[in-house]
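Each chain, written out:
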Amino acid sequence: MFVSYKWLQDYVDLTGVSANELAEKITKSGIEVEGVEILNEGIKGVVVGHVVERVQHPNADKLSKCQVDIGEGEPVQIICGAPNVAQGQKVAVAKVGAILPGNFKIKKAKLRGEESNGMICSLQELGMEGKIVPKEYSEGIFVFPADAEVGADALALLNRDDEVLELGLTPNRADCLSMLGVAYEVAAILGREVKLPETSLESLSEKATDYVKVVVEATEDNPLYVAKMIKNVKIGPSPLWMQTRLMSAGIRPHNNVVDITNYILLEYGQPLHAFDYDRLGSKEILVRRANDGEKFVTLDDVERTLTADHLVITNGTEPVALAGVMGGANSEVTSDTTTVLLEAAYFNGATVRKASKDHGLRSEASARFEKGVDPNRVRVAGERAAYLMAKYAGGEVLEGAAEVDTLTVEPAVVSVTLEKINRVLGTGLEMKDVEAIFDRLQFGVSVEGDTVTVTAPTRRGDIKIEEDLLEEVARLFGYDNIPKTLPIGSTTPGKLSEYQKKRRVVRAYLEGAGLYQAVTYSLTSEEKASQFAMEKRDFIRLAMPMSEDRSILRLSILPQLLEVLKYNSARQNDSLAVYETGNVFLSNGVDVLPEEKEHLAGAITGLWNNHSWQGEKKPVDFFVLKGILEGLFAKLGLTERVAYVQAQVEGMHPGRTAEIRLDGSKIGFAGQLHPSVQKDLDLKDTYVFELSLKAVLGVETEALQYQSIPRYPSITRDIALVVNRETVSGTLKDIIVKAGSPLLKEAYVFDLYEGDKMEEGKKSIAFSLKYVDPERTLTDEEVTKVHDRVLEALKEQAGAVLRG
Amino acid sequence: MQERLKELQEEAIQKVEQSSSLKELNDIRVAYLGKKGPITEVLRGMGKLSAEERPVIGALANEVREAIAAKIEAKQNQLEEAAVLEKMASESIDVTLPGRPVNVGSHHPLTKIIEEIEDLFIGMGYEIAEGPEVEQDYYNFEALNLPKGHPARDMQDSFYITEELLLRTHTSPVQARTMEKHNGKGPIKIICPGKVYRRDNDDATHSHQFMQIEGLVVGENIRMSDLKGTLDVFAKKMFGQDREIRLRPSFFPFTEPSVEMDISCKVCGGHGCNVCKQTGWIEILGAGMVHPNVLEMAGYDSKKYTGFAFGMGPERIAMLKYGVDDIRHFYTNDVRFLKQFSVEE
């Protein structure tokens, strides 16, 4: 809502309150003023001039040579390019030395050999938007009424010496979609009076009901319809002050009758519609739901196909308006109109919303109906419009109105105790403070003991419950004046859950290990949704996606992380390590909440080490990735419970992928991307993992318990084993650990040889075994006994022999 | 013989002093103190001496031997020290060369902001509550005083999956679920961070997926002044002690009275600039007293219980705090962007 500071003064005395101060006060008490526009900012030296002579420019077809009286003695010569400039016009002249928007300075100039001392201006050149300029002047200069005084400040005449406050209205404050509504608000803030506009006039003895009969079939959609009749109107331009007020509010002037309906829309927030009575084709207004498939041409000359959801105003048979949205071309006011049927009605918000949405016709009028107009202002708005039509369109108003009224208006009566006000707000207000606030709002107030009972005016449809009263008190008392306290009462210990704590450990660990955290989108394409998915489920698809690329909820994180790698790799960052924690979404069937499982995924690509001046360059490989995972599980106390098993995963390198198991159950996988996938994404060798974080963090772990440090020396035996190439070290280690316990404390691979010195199909794996007894020093014989048992087991279970 | 010994001593000491390498020194040691050296020779010749002379010469010979040995040792220490110094001199390196890089990752900037806020409120006795990103229409709207047909629940604005399921448009359903779980009893103090989704086209200021972090306090005596005090603590810790806060009345369906909080603009200090659109204030969050309908729907007696709630966007806070100018950066994950947040403040 655009509010003219000058116009507002018709209703509230703003003495001593500048536009900016007013904006600040309005903002602080609940309606955000998003900006204050000074309409004549950066414009200087524009006056009213009289074109005393206009002749064709001798050297240019499209230019006129004008002699213009600007009230400074002799007329000055101005060359003008506007097609509509004519002798006798009163026009806006930017004098030599004037400044126009954009710091455009007007200087003496020669145009095609002819001197020009200034510029005759269009409204656009004076900083007004083309879409609000009256159509007849939109392609040329603006012409003032003939009585404009030569030499007068043209901007003042155009009401540009004004400031406009732009209100950002929340849906509850539809009451401020009108100048009067804003006036009530401002009056409450400033503690001043509201002056209401003039509506009284003398009517003809003829009655409106003699001319028209109103029937409403759909009283639910239209509980109140008032038709006023105005005869003998003369269509012409509306007065300049009205045109300029409309323009300041962002509405283009048309003619006096249409401008008056728009003016009332702004003044009262009540949309009106003017029909050309003689073009209605009947003496009846019938309001009904449209028939399915019924056709109707709106006044923008578009044929609309209606449905039974839409409410129409008809002449008894044919639609003449789409109720609350737009009038029809068949009954539009034209320059020949003499008798006007003026509609002032209350239409149901939901009905209007449906029609304006279905037809893509959101207008100032429909917006107000949708949010709810003040039911008590419908009639008075009609009266005021009739008054203005009599005054500015020469009309004669018929007595009364033809109307249908089934509207019951009950103002809201709400009570609240002073104790509650102070308890909820944390204030120490007294009853007289509260009463004063409601007085200023012009709400009805009565006090009984500790209870205040408020009758809210119908313009404030947002006041319904006691909390609404609390808000009125709080905002007019001033949020600034509410003290700052902290909650008292029973305390709660602030903490992270175990899961949240461990998730932070995971993040910190991975970042310490060199991975950057990424955050990607949950919505993805059908193609990517199931890539690398650990579980196959139905897709969860949006009913109305914005694009195919963001239409399905992801079942895995990796495809998104690979996009991140691809993006960076294409920007010369081909060595990269990233991870993400986030939910994947597993369908449980239609209309059932899906299972949301938090996953952890990571991807590393390119070089892992790059210590270039020392010639150390190490690309990522499986064991870099596995080392990161081993460290993670060690951090979480799960080392002994995690196993890696050779596996096949679609999209992964068939020989370089492991399934990760926790306590024997699959929780994820790790390995190299399939070379063809790498190639498609234009990535260097890339290693990735994805696992169920929920599974990893969800398991119980043992409480940390100190274990004494052995006081006795250990004995180490190294063995090199020859085994079949397919035999994996994990199998050998399991055998060693099982056979060697309890004296065996540690066993690790320290060498792997698969070179040509080995027999075909064989390889050598060397383990270092450490034996220790926490109670005493082991003897060589004791160790040998156990060690031989280990060797025996290796031979028996894995065919492993000592390398000769 | 005595004289010969004295001569030997002087001669040896002189040579030791003149020696310049460990090898030379060792040669001197062998030459004078070795089995074939002159002192040994003197001692060997002692058999010819009288019984009176023998102990005297013996003692003297030992004295001489010790004196030479001591001198050699001193010289050796000296030479060794010099050798170490020389070796170290030859070992000097260019300390300005870069070290062996250690890979360091970092939190995503949104996680940084969220954890900072979480920690701040944990310190004030809050727990962190999380909930599903796919929500039932009931928890996302109805339980929050947004009944069916409410204009704020336009199909156009939300990602619906079915009539009943949608991607949550705010983290407020977590509040509704938490209250329901508490069975109408207080107190509740929670912070709810998480991803939310709205049907917006991605551009510099809009993202179809973004983060939200909300807070909820419900108890028997929760006042609007408590909300104000809490937000004041938050704003000053998050943005700096020197920032002013301003509360403005606003409107949200789930709170009444409703509040919007602004902080004074850091860039211009409140005088007005492009960042704050000439107002001197920057909008940070929305808040309010929990609407009685919301309390009642979750099973609370709104006559007895009151509460406050607040919500904000980590993206917006990160943009203000770090000067990020395009929301899409948070979801593109350009490493040149992510790397800048590895610094701990």
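Residues numbered from 1 in each chain as written. Chains lettered and ligands numbered in written order. Predicted model: local features only at pLDDT ≥ 70, side-chain atom pairs only at ≥ 80, totals over all residues. Heavy atoms only, no water.

**A short note on the overall build of chain A**
For chain A, the count of helices and strands is 21 helices and 42 strands. Expected size for 804 residues packed as a compact globule is a radius of gyration near 28 Å; at 42 Å, chain A overshoots this value by more than 25%. Taken along the three principal axes of its C-alpha coordinates, chain A extends 130 × 85 × 55 Å. Evaluated residue by residue, chain A yields a buried proportion of 52% over its 804 residues. (Helix = DSSP H or I, 4+ residues; strand = E, 2+ residues; numbered from the N terminus. Rg over C-alpha atoms; globule rule 2.2 N^0.38 Å. Buried < 20%, exposed > 50% of the residue type's maximum accessible area, 1.4 Å probe, protein only.)

**Structural notes on a nonpolar patch on the surface**
The grouping of Val84, Leu85 and Met88 of chain B at the surface amounts to a nonpolar patch, some 290 Å² of accessible area in total. If you trace the backbone, Met88 of chain B turns up in helix H4 (residues 53–90). (Patch = residues over 30% accessible without salt bridge, like charges linked within 9 Å, V, L, I, M, F, W, Y side chains within 5 Å. Areas by Shrake-Rupley, 256 points an atom, 1.4 Å probe, with all protein chains shown as cover. Salt bridge = Lys/Arg side-chain N within 4 Å of Asp/Glu carboxyl O.)

**Some words on helix H4 (residues 179–190) of chain A**
For an α-helix, 3.6 residues make a turn, and residues three or four places apart therefore share a direction. Residue and element names in this part refer to chain A. The end-to-end C-alpha distance of H4, which contains 12 residues, comes to 16 Å, matching closely the 16 Å that a straight helix rising 1.5 Å per residue would cover. H4 sits mainly inside the fold: 12 of its 12 residues count as buried. Among all positions of H4, only Met179, Leu180, Gly181, Val182, Ala183, Tyr184, Glu185, Val186, Ala187, Ala188, Ile189 and Leu190 are buried. At the C-terminal side of H4, Gly191 shows a positive phi close to 70°. (Expected span 1.5 Å × (residues − 1).)

**Some details on unusual backbone geometry**
The omega torsion of the bond from Ser741 of chain A to Pro742 of chain A falls at 5°, within 30 degrees of zero and hence cis. Residue position: Pro742 of chain A is located in the loop between helix H20 (729–740) and strand E40 (744–753). Following Glu256 of chain B, the chain continues into Pro257 of chain B via a peptide bond in cis, with omega recorded as -10°. Note that Pro257 of chain B resides in strand E7 (residues 255–264). The backbone of Asn103 of chain A sits at a positive phi, close to 55°, despite the residue not being glycine.

**Things to note about the side chain of His787 of chain A**
All names here are of chain A. Note that His787 resides in helix H21 (residues 780–798). When its relative accessible area of 7% is taken as the criterion, His787 is described as buried. Setting aside chain neighbours within four positions, we find His787 in contact with Arg717, Ile719, Leu769 and Tyr771. (Contact = heavy atoms within 4.5 Å.)

**Some details on the side chain of Thr581 of chain A**
In this fold, Thr581 of chain A is placed in strand E31 (residues 576–586). Engagement of the side chain of Thr581 of chain A in a polar contact is seen with the side chain of Arg507 of chain A, the distance being 3.3 Å. Leaving out residues up to four positions away in the same chain, Thr581 of chain A has contacts with Arg507, Gln517, Ile557, Glu598, His599, Leu600 and Leu693 of chain A together with Lys195 of chain B. (Polar contact = N/O pair within 3.5 Å; in protein donor to acceptor, adjacent residues only side chain to side chain.)

**A few points about the packing of aromatic side chains**
Considering all chains together, one arrives at 22 aromatic pairs over all chains under this definition. Taken together, a centroid distance of 5.0 Å and an interplanar angle of 65° make the contact between Tyr322 of chain B and Phe341 of chain B edge-to-face. Of this pair, Tyr322 of chain B sits in helix H10 (residues 314–322) while Phe341 of chain B sits in the segment after helix H12 (335–338), and the two are 19 residues apart along the sequence. Among the residues examined, Tyr322 of chain B registers a relative accessible area of 23% and is labelled partly exposed. Of note, Arg571 of chain A hangs over the ring of Tyr567 of chain A, and the distance from its end group to the ring centre comes to 3.6 Å. In this arrangement the basic side chain of Arg177 of chain B is found over the ring face of Tyr139 of chain B, its NZ or CZ atom lying 4.1 Å from the centre. (Phe/Tyr/Trp six-rings, centres within 6.5 Å; stacked < 30°, edge-to-face > 60°. Lys NZ or Arg CZ within 6 Å of the ring centre and 35° of its normal.)

**Focus on the UniProt feature "domain: TRNA-binding" (unreviewed entry) in chain A**
Mapped onto this numbering, the UniProt entry gives "domain: TRNA-binding" (unreviewed entry) at residues 40–155 of chain A. The span residues 40–155 of chain A carries 2% helix and 41% strand; its end-to-end C-alpha distance comes to 7 Å. (UniProt positions renumbered as here; feature names shortened; annotations may be inferred.)

**What to know about empty space enclosed by the protein**
One pass over the structure, following the stated rule, counts five cavities of 30 Å³ or more. Its volume calculated, the largest cavity comes out at about 80 Å³. Counting only elements with at least two residues in the lining of the largest cavity, the list comes to helix H11 (418–425) and helix H13 (466–477) of chain A together with strand E8 (281–290), helix H9 (292–297) and strand E9 (306–312) of chain B. In the lining of the largest cavity, the residues fall into seven nonpolar, three polar and three charged. (1 Å grid on protein atoms, 1.4 Å probe; cavity = no way out; pocket = protein on both sides within 12 Å on 5 of 7 lines; lining within 4 Å. Points joined across faces, edges and corners; volume = space filled by probe spheres on them. Nonpolar A, V, L, I, M, F, W, Y, C, P; charged D, E, K, R; others polar.)

**As for the sheet that holds strand E42 (residues 801–802) of chain A**
Residues and elements named next belong to chain A. If you walk across this open sheet you meet the four strands as E40-E41-E39-E42, and the pairing is antiparallel. In this open sheet, the two edge strands, each paired with only one partner strand, are E40 and E42. The pairing of strand E39 (residues 715–724) with E42 spans two bridges and is antiparallel. The residue of E42 that forms the bridge with Val722 is Val801. Here H20 sits on the sheet and contacts E39, E40 and strand E41 (762–771); the angle it forms with E41, its principal contact strand, is near 35°. Each of E39, E41 and E42 touches H21; the most contacted strand, E39, lies at about 15° to it. (Pairing = 2+ DSSP bridges. Axes fitted to C-alpha atoms, helices over the stretch in contact; angles between N-to-C directions.)

**Some details on the sheet that holds strand E6 (residues 245–252) of chain B**
With mixed pairing, the seven strands of this open sheet are ordered in space as E1-E4-E5-E9-E8-E7-E6 (chain B). Each of the sheet's edge strands pairs with one partner strand only, and the pair in question is strand E1 (127–128) and E6 of chain B.

**Re the interface of chain A and chain B**
Contacts between chain A and chain B engage 89 residues on the former and 92 residues on the latter. Across the chain A/chain B interface, buried area totals approximately 7,800 Å², and carbon plus sulfur atoms make up 55% of it. Taken together, the connections running from chain A to chain B amount to 10 salt bridges. Arg504 of chain A serves as the salt-bridge partner of Glu115 of chain B, at 3.7 Å between the closest nitrogen and oxygen. Run the count over chain A and chain B and you get 39 residue pairs in polar contact (both at pLDDT 80 or more). Counted by class, the side of chain A that touches chain B contains 38 nonpolar, 25 polar and 26 charged residues. (Buried area = accessible area lost by both parts, 1.4 Å probe.)

**Some words on the pattern of salt bridges**
One pass over the structure, following the stated rule, counts 75 salt bridges over all chains. In this structure, Glu598 of chain A engages Arg503 of chain A in a salt bridge whose closest nitrogen and oxygen atoms are separated by 2.8 Å. You can see Glu598 of chain A sitting in strand E32 (residues 595–605) and its partner Arg503 of chain A sitting in helix H14 (residues 498–512), a full 95 residues away along the chain. Here Glu598 of chain A and Arg503 of chain A have matching classes, each one buried. Glu754 of chain A serves as the salt-bridge partner of Arg725 of chain A, at 3.3 Å between the closest nitrogen and oxygen. Taken together, the positions of Arg725 of chain A in the loop between E39 and H20 and Glu754 of chain A in the loop between E40 and E41 put the pair 29 residues apart, joining distant regions of the chain. Members of the salt-bridge network, linked through shared partners, are Glu24 and Glu32 of chain A together with Arg246, Arg248, Glu260, Asp262 and Glu283 of chain B.

**Notes on the UniProt feature "binding site: Mg(2+)" (unreviewed entry) in chain B**
Mapped onto this numbering, the UniProt entry annotates "binding site: Mg(2+)" (unreviewed entry) at Glu256 of chain B. Tracing the sequence through the fold places Glu256 of chain B in strand E7. You can call Glu256 of chain B buried: its relative accessible area is 6%. Look past the residues within four positions of Glu256 of chain B in its chain and what remains in contact with it is Glu467, Asp468 and Glu471 of chain A together with Met289 and His291 of chain B.

**What about the domain arrangement of chain B?**
Note on interface size: it is often stated as the accessible area lost on association of the parts. In terms of domains, chain B is made up of domain 1 (2–90) and domain 2 (109–341). Distance from the C-alpha centre of domain 1 of chain B to the C-alpha centre of domain 2 of chain B: 90 Å. (Domains from an automatic or database assignment.)

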